[in-house]
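Next come the chains, spelled out residue by residue.
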Amino acid sequence: MEANSLDPLKHQINAGDQRGARLALAELLEAEPDNADAWALLAILLTDPAEQAQCYREILRTNPNDRQAEIW
């Protein structure tokens with residue numbers, strides 16, 4: 001899924017439906033576990049630092065050279 005394909009989820013988040021967006025992202029990531037953009041968006045939605053860290057580890061798994069994920 002391209003970053004543009006995440007636009008509907010971003011609109012959903014902006015409309016205040018963060019729970020629905022999290023559920024949609026979970027489904028998306030089940031189908032596309034290597035989607036780094038979806039992992040990054042999910043990390044933004046989560047509040048638990050351990051869960052956020054797991055998202056960043058998933059980004060690094062798919063792209064070990066992602067400096068931003070490494071910093072986060």
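Note that this is a predicted model, so its numbers are computed, not measured.

1. Some points on the pattern of salt bridges
Right, so step 1: Taken as a whole and judged by the stated rule, the model has three salt bridges.
Right, so step 2: Note that Arg-61 is salt-bridged to Asp-34, the shortest N-O span being 2.9 Å. Of this pair, Arg-61 sits in helix 4 (residues 49–62) while Asp-34 sits in the loop between helix 2 (18–31) and helix 3 (36–45), and the two are 27 residues apart along the sequence.
Right, so step 3: Judged by its relative accessible area of 44%, Arg-61 is partly exposed.
Right, so step 4: Arg-67 serves as the salt-bridge partner of Glu-70, at 3.7 Å between the closest nitrogen and oxygen.

2. Observations concerning the nonpolar core
Right, so step 1: Counting residues in each nonpolar core, the largest one holds 18 residues, and the members touching the most others are Leu-6, Leu-25, Ala-38, Trp-39, Leu-41, Leu-42 and Cys-55.
Right, so step 2: If you tally residues by element for this core, the top one is helix 3, at six residues.

3. Some thoughts on the packing of helix 3 against helix 4
Right, so step 1: The N-to-C vectors of helix 3 and helix 4 enclose an angle of 165°; their axes lie 9 Å apart at closest approach. Between helix 3 and helix 4, the interaxial angle falls into the category roughly antiparallel. As for how helix 3 packs across helix 4, the hand of that crossing is left-handed. Where helix 3 approaches helix 4, its residues Ala-36, Trp-39, Ala-40, Leu-42 and Ala-43 are matched on the opposing element by Gln-52, Cys-55, Tyr-56, Glu-58, Ile-59, Arg-61 and Thr-62.
Right, so step 2: For the contact of helix 3 with helix 4, the residue count by class is eight nonpolar, two polar and two charged.

Cut-offs and rules
Residues numbered from 1 in each chain as written. Predicted model: local features only at pLDDT ≥ 70, side-chain atom pairs only at ≥ 80, totals over all residues. Heavy atoms only, no water. Salt bridge = Lys/Arg side-chain N within 4 Å of Asp/Glu carboxyl O. Helix = DSSP H or I, 4+ residues; strand = E, 2+ residues; numbered from the N terminus. Buried < 20%, exposed > 50% of the residue type's maximum accessible area, 1.4 Å probe, protein only. Core = buried A, V, L, I, M, F, W, Y, C linked by side-chain atoms within 4.5 Å. Axes fitted to C-alpha atoms, helices over the stretch in contact; angles between N-to-C directions. Parallel < 35°, antiparallel > 145°, perpendicular 65-115°, else oblique. Left-handed = near helix turned anticlockwise from the far one by under 90°. Contact = heavy atoms within 4.5 Å. Nonpolar A, V, L, I, M, F, W, Y, C, P; charged D, E, K, R; others polar.

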